[in-house]
Amino acid sequence: MFKNALVYRIDHWDAEALAKIEDRLAGSRFVACGASQPLSAGWVEPRGEKNAALAEIVGGEIILKLCTETKAVPSSVVKETLEQRLDEIDKATGRRPKGKAAREVKEGIVHELLPRAFPKRATTWVWISPRAGLLLIGAASAKKADAVVTRLAELLGGDVRFSALQTQLAPASAMAAWLAEQEAPAGFTIDRECELKQPDSEKAAVRYARHTLEIAEVGEHIRQGKLPTRLAMTWSGRVAFVLTEALAIKKIELLDVVLEGESSPSEDGGFDADVALTTGELKLLLPDLVAALGGLLERDQPTAPTAPTTPAAPAKALAAPAPAADSTPPWDLAA
């Protein structure tokens, strides 16, 4: 269900807005692009059944699905048609349109050709966990996820507020420490995929794929100033994923130990089981990942630096601090 994910905290959402979510979604149901419409977005049935609910609730978890349709005319076709049209105007008037006039001709061509363009559709899963206070968007890029969050906030109205999940340690710093020490945080293992980049204008990069990372070469790259931007990991032998410097969780895969007890598809096509499995595993993974990154960062707290302040700073200085014995998590993902 979720191959990629970006996580947000629910800072505020009153019960009235939650109760009216289905009615609000119905007013923003997906409608395909019109003949000359380049973009359309709206909510569709998560189960894939016509006229079914737009908000599915399984075990207290709310699942939504946003559908986006785009129509675009190939730039090469627009360019070729524009040149022909400008030539025709030049011959007819003796003047070739330039600047604003040429742009208006181009816009007219795009509008004219849009009805003949083939539409492309994409869907984005959304998981809202009111009890855990989190919102998870099934997207790989922050730009796409933020657009979905903005649309959701506008839809729900009221005083709903979301904020991107942030941790005490920058993911790049934490990943650098794990690789330099060749020691994964508790509950995790480091897998065989990694990308390191030099944080300067040249952006020199080194990528490892299907390659052990327990080698001196990786530590040397980190000592030279490169920072990890992607690192493949496995949590508790149950979920494999790739963590990025932007705290995106990519290539999420539930492993055999999780799936082996899954029964044959039920009348609903296995939808409820998929939701229960996915949300159940991620609700356990996320607190461990947050703990490995030093815990949650509150808005009035500065983030940890993305690199040691001096080249000689020891890797252990970047390790996540141990929580106090009497501390409680600011969110209860296991609720």
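Since we're looking at a predicted model, the values are computed, not measured. (Residues numbered from 1 in each chain as written. Predicted model: local features only at pLDDT ≥ 70, side-chain atom pairs only at ≥ 80, totals over all residues. Heavy atoms only, no water.)

**Some points on the packing of helix α3 (residues 75-93) against helix α4 (residues 99-113)**
Spelled out, the test is: Fitted lines through C-alpha atoms give the axes, limited to the stretch in contact for helices. The angle between two N-to-C directions lies from 0 to 180 degrees. Strands are runs of DSSP state E lasting at least two residues, helices are runs of H or I lasting at least four, and both sets are numbered from the N terminus onward. Orientation labels follow simple angle bins: below 35 degrees gives roughly parallel, above 145 gives roughly antiparallel, 65 to 115 gives roughly perpendicular, and whatever is left gives oblique. Should the near helix be turned anticlockwise from the far one by less than a right angle, the crossing is termed left-handed; should it be turned clockwise, right-handed. We call two residues contacting when some pair of their heavy atoms lies within 4.5 Å.
Where α3 meets α4, the closest approach of the two axes is 10 Å, and the angle between their N-to-C directions is 125 degrees. On the basis of their axis angle, the class for α3 and α4 is oblique. Between α3 and α4 lies a crossing whose hand is right-handed. Residues Val-77, Val-78, Thr-81, Leu-82, Arg-85, Leu-86 and Ile-89 of α3 lie in contact with α4, whose contacting residues are Ala-102, Val-105, Lys-106, Ile-109, Val-110, Glu-112 and Leu-113.

**Structural notes on the state of the cysteines**
Think of a disulfide as a covalent bridge from one cysteine sulfur atom to another cysteine sulfur atom. We count it as follows: By convention in this document, the label disulfide applies to cysteine sulfur atom pairs within 2.5 Å. Categorising residues by exposure relies on relative accessible area from a 1.4 Å probe, with only protein chains included: less than 20% of the type maximum marks a residue as buried, more than 50% marks it as exposed, and the intermediate range marks it as partly exposed.
Counted under the stated rule, the structure contains zero disulfides. Here Cys-33 stays free of any disulfide, with the sulfur of Cys-67 as its closest cysteine sulfur at 9.4 Å. Take Cys-33: its relative accessible area is 14%, and that puts it in the buried class.

**Brief notes about unusual backbone geometry**
Phi is positive for Asn-51, which is not a glycine, with a value near 65 degrees. Its location among the elements puts Asn-51 in the loop between β2 (39-43) and β3 (56-58). The phi torsion at Leu-247 lies on the positive side, around 65 degrees, for a residue other than glycine. Turning to its location among the elements, Leu-247 is positioned in the loop between β11 (239-244) and β12 (249-254). Accessibility expressed as a relative area gives 10% for Leu-247, which makes it buried.

**Topic: helix α7 (residues 216-223)**
Quick note on the threshold: Taking the helix axis as origin, the arc is that swept by the directions to the C-beta atoms.
Among all positions in α7, only Val-218, Gly-219, His-221 and Ile-222 are buried. One face of α7 carries all of its buried residues, which in axial projection span an arc of 155 degrees. Opposite the packed face of α7, turned more than 90 degrees from it, sit the exposed residues Ala-216 and Arg-223. Turning to α7, the residues buried within the fold contact α6 (171-181), β8 (188-197) and β9 (205-209). The first or second residue beyond α7 is Gly-225, which carries a positive phi of 110 degrees.

**Describing the pairing of β11**
Our working rule: A pair of strands is labelled paired if DSSP reports no fewer than 2 bridges between them.
Burial within β11 is extensive, with six of its six residues counted as buried. Covered by surrounding structure in β11 are Val-239, Phe-241 and Leu-243 together with Ala-240, Val-242 and Thr-244, the residues of both alternating faces. Judged from the six bridges that link them, strand β10 (residues 227-235) and β11 form a sheet pairing that is antiparallel. Note that in β11 the partner of Thr-234 across the bridge is Ala-240.

**Structural notes on the packing of aromatic side chains**
Our working rule: The aromatic pairing rule takes the rings of Phe, Tyr and Trp, using the six-membered ring of Trp, and pairs them if the centres are within 6.5 Å, calling planes under 30 degrees apart stacked, those over 60 edge-to-face and the rest tilted.
Under the definition given, this model contains two aromatic pairs. Between Trp-125 and Phe-271 the ring centres are 6.4 Å apart and the planes differ by 35 degrees, which places this aromatic pair in the tilted class. Highlighted residues: Trp-125 in strand β5 (residues 119-129) and Phe-271 in helix α9 (residues 271-292), separated in sequence by 146 residues. Seen from their ring centres, Phe-188 and Phe-241 are 6.2 Å apart, and the 80 degrees between their planes marks the pair as edge-to-face. Of this pair, Phe-188 sits in strand β8 while Phe-241 is found in strand β11, placing the two residues 53 residues apart along the sequence. No difference in accessibility class separates Phe-188 from Phe-241, as the two residues are buried.

**A look at the confidence of the model for the chain**
Where we set the bar: For every residue, the predictor reports its confidence as pLDDT, a number between 0 and 100.
Per-residue confidence for the chain averages 85 on the pLDDT scale, and 84% of its residues sit at or above 70. Considering only residues more than four positions removed or in separate chains, one finds that residues 306-331, a stretch of pLDDT under 50, has 31 contacts.

**Digging into the sheet that holds β12**
Spatially, the five strands line up as an open sheet ordered β9-β8-β10-β11-β12, and their pairing is antiparallel. Here the strands that pair on one side only, and so sit at the sheet edges, are β9 and β12. Adjacent strand axes in the sheet meet at a mean angle of 15 degrees when their direction is disregarded. Across seven bridges, β8 lies against β10 in antiparallel orientation. Bridging from a neighbouring strand, Phe-188 pairs with Trp-235 of β10. On the sheet, α9 packs against β8, β10, β11 and β12 and is oriented at approximately 130 degrees with respect to β12.

**Observations regarding the environment of Lys-197**
Mapped onto the elements of the fold, Lys-197 is located in strand β8. Residues Lys-197 and Arg-207, spaced 10 residues apart in sequence, show a C-alpha to C-alpha distance of 8.7 Å. Apart from residues lying up to four places away in sequence, Lys-197 is in contact with Ala-204, Ala-205, Arg-207, Gly-225, Lys-226, Leu-227 and Thr-229.

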